[in-house]
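Letter by letter, the chains look like this.
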Amino acid sequence: MKTTVWDVRDYTSNLIDYPNLSEIIETYQQGGLVALPTETVYGLGADATNEQAVQRIYEAKGRPSDNPLIVHIYDTDQLDDFVTHVSETTEKLMEAFWPGPITFILPLKEGYLCDSVTGGLNSVAVRMPSHPVARALLKEVALPIAAPSANLSGRPSPTTFEHVYHDLNGRIDGIIQSTQSEAGLESTVLDCTSFPFRIARPGTITRSMLNDILPNGIDEAQFDHSDKPIAPGMKYKHYAPETPLKIFNTLNQSIDTAEHDWSRTAFLLPESFVHFVPKAVHVMVLSKTDTDIQEANHNLYAALHQLDQLAEIDCAYIYGYPNNDEAEALHNRMMKAANYQYIQGEWS
Ligand code: TXA
Ligand code: MG
């Protein structure tokens, strides 16, 4: 299949003026698959009311079809079509964080969305993205758009056009080329179908940000980093680069260089720690310091993709940023990428 690339980089804030916009819109309306930029990661979009189109998403990604998709909307009015009820507390959160990087799990009203979007559940995941290109598309297309991350199943999520192109060129109808995703990690997923609400996937909207709006409305339990499936997708291996990755949490000036083949080892860490590994050949800087969490979020997936491009690397070490409220999502994605290989104590 030929994949069309629509470069909209000069039209980020005025997509309506992009000469080929109608071609993109028609592709969606005719059941096509088009990858689009969002503020979290790139998504692989299709008409959420079209069963065949949504089936094609699962095929293109190689994704198990019991792992439901997020439905993306332009306006909260659209919720009436496929959600039975939005509580006042949920509305407060929507007002605070939408458009933006949070997905709400809501009770499903049947008959409007196609069945495979929700994978047979009686709830639906909904998000209103803030990226100006995504917003303009959702407005013009006037359809709810189902969109998982635009990567092959089991690969790190894409934060750049190149990541999407690498995984999906030839498998989908088109890719919208925009700049690097700002947030860099997937949205927070909040289950609002029972009270208190529960974080099913941590993201850039943190527990404390949610609690600021809704004290006592959010389940206090810290996110369970084990593989216990909370969101259906959690039971699948995710975000893993091909190179074995280990998390370490202490750097020591006296690293024993004799034990390591520096040319075959990569390090992902804050710039302020680079001097601890002076002999390292492959260094990827994730942030300036270990407290610049937003910056590390923004860069994590690009670094994991880069890792897979490096030939002849046996293993990689990633610095385990402090696991506080702000870094909960970062920690969650690192743990998955590293397959829970966590080295306590000194790296030596
Ligand atoms: O930032 C994001 O959320 C990106 C962009 C493209 O919007 N999308 C994304 O989609 O990450 P995906 O499909 O890779 O992840 C969706 C997650 C999965 O873990 C899925 O199991 C969960 O949301 N999910 C979807 N519907 C659900 C439901 N009804 N109940 C519980 N979890 C659900
Ligand atoms: Mg995904």
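Preceding this paragraph is the structure being described.
Note that the structure is a prediction, hence the values are computed from the model and not measured.

A. Seen up close, the pattern of salt bridges. Taken as a whole and assessed by the stated rule, the structure comprises ten salt bridges. Of the charged contacts in the structure, one is a salt bridge between glutamate 39 and arginine 127, with a shortest N-O distance of 2.7 Å. Taken together, the residues span a long stretch of sequence, with glutamate 39 in the loop between β2 (34-36) and β3 (43-47) and arginine 127 in strand β6 (residues 123-127) at a distance of 88 residues. Each of the two residues, glutamate 39 as well as arginine 127, counts as buried. Of the charged contacts in the structure, one is a salt bridge between arginine 264 and aspartate 314, with a shortest N-O distance of 2.7 Å. Of this pair, arginine 264 sits in the loop between β11 (245-250) and β12 (265-270) while aspartate 314 sits in the loop between α9 (293-309) and β14 (315-319), and the two are 50 residues apart along the sequence. When its relative accessible area of 27% is taken as the criterion, arginine 264 is described as partly exposed. One connected set of salt bridges, linked through shared partners, spans Arg155, Asp167 and Asp308.

B. A look at the pairing of β12. In terms of burial, β12 is a largely internal element, six of the six residues being buried. Two strands pair when backbone bridges link them, and β12 and β14 are joined in this way by four bridges, in the parallel orientation. From the neighbouring strand, phenylalanine 267 faces β14, where its bridge partner is tyrosine 317.

C. Structural view of the sheet that holds strand β10 (residues 198-201). Spatial ordering of the open sheet is given by β1-β8-β2-β3-β7-β4-β6-β5-β9-β10, a layout of ten strands whose pairing is mixed. With partners counted over all chains shown, the strands left at the sheet margins are β1 (4-7) and β10, one partner each. Pairing analysis gives two bridges linking strand β4 (residues 70-72) to strand β7 (residues 145-146), with the strands arranged antiparallel. Counted as the bridge partner of histidine 72 is isoleucine 145 from β7.

D. Main features of the nonpolar core. One finds Leu44, Leu79, Phe82, Trp98, Phe104, Leu190 and Leu210 to be the most contacted residues of the largest nonpolar core, which totals 46 residues. Going through the elements one at a time, β3, α2 (51-61), α3 (79-82), α4 (88-97), β5 (102-107), β6 and α7 (161-168) are the ones with two or more residues in this core. Among the elements that make up this core, the one with the highest residue count is α2 (five residues). Apart from the residues lying within four places of it in its own chain, the contact partners of phenylalanine 104 are Thr90, Leu93, Met94, Trp98, Val124, Ala125, Val126, Leu190 and Cys192. Within the second largest apolar cluster, 36 residues are counted, among which are Leu245, Trp262, Phe276 and Leu330.

E. Just the side chain of threonine 188, in detail. Structurally, the position occupied by threonine 188 is in strand β9 (residues 188-191). Its relative accessible area of 0% is what places threonine 188 among the buried residues. Looking at threonine 188, its side chain comes within polar contact range of the main-chain nitrogen of glycine 203, at 3.2 Å. Setting aside its immediate chain neighbours within four residues, threonine 188 contacts Pro101, Ile102, Thr103, Arg201, Pro202, Gly203, Thr204 and Ile205.

F. How the structure looks around the packing of aromatic side chains. Using the criterion set out here, one finds twelve aromatic pairs in the structure. Consider the rings of tyrosine 11 and tyrosine 18, whose centres lie 5.3 Å apart with planes at 65 degrees: the pair is edge-to-face. Considering the side-chain rings of phenylalanine 161 and tyrosine 165, the 5.7 Å spacing of their centres and the 45 degrees angle between planes classify their relative orientation as tilted. Within this pair, phenylalanine 161 and its partner tyrosine 165 are both found in helix α7, separated by four residues, close to a single helical turn.

G. Region of interest: the packing of helix α1 (residues 21-29) against helix α6 (residues 132-141). As a packed pair, α1 and α6 sit with axes 10 Å apart at the nearest point and diverge in direction by 65 degrees. As α1 runs across α6, the sense of the crossing is right-handed. Contacts between α1 and α6 involve Leu21, Ile24, Ile25, Tyr28 and Gln29 on the former and, on the latter, Leu137, Glu140 and Val141.

Parameters at a glance
Residues numbered from 1 in each chain as written. Chains lettered and ligands numbered in written order. Predicted model: local features only at pLDDT ≥ 70, side-chain atom pairs only at ≥ 80, totals over all residues. Heavy atoms only, no water. Salt bridge = Lys/Arg side-chain N within 4 Å of Asp/Glu carboxyl O. Helix = DSSP H or I, 4+ residues; strand = E, 2+ residues; numbered from the N terminus. Buried < 20%, exposed > 50% of the residue type's maximum accessible area, 1.4 Å probe, protein only. Pairing = 2+ DSSP bridges. Core = buried A, V, L, I, M, F, W, Y, C linked by side-chain atoms within 4.5 Å. Contact = heavy atoms within 4.5 Å. Polar contact = N/O pair within 3.5 Å; in protein donor to acceptor, adjacent residues only side chain to side chain. Phe/Tyr/Trp six-rings, centres within 6.5 Å; stacked < 30°, edge-to-face > 60°. Axes fitted to C-alpha atoms, helices over the stretch in contact; angles between N-to-C directions. Left-handed = near helix turned anticlockwise from the far one by under 90°.

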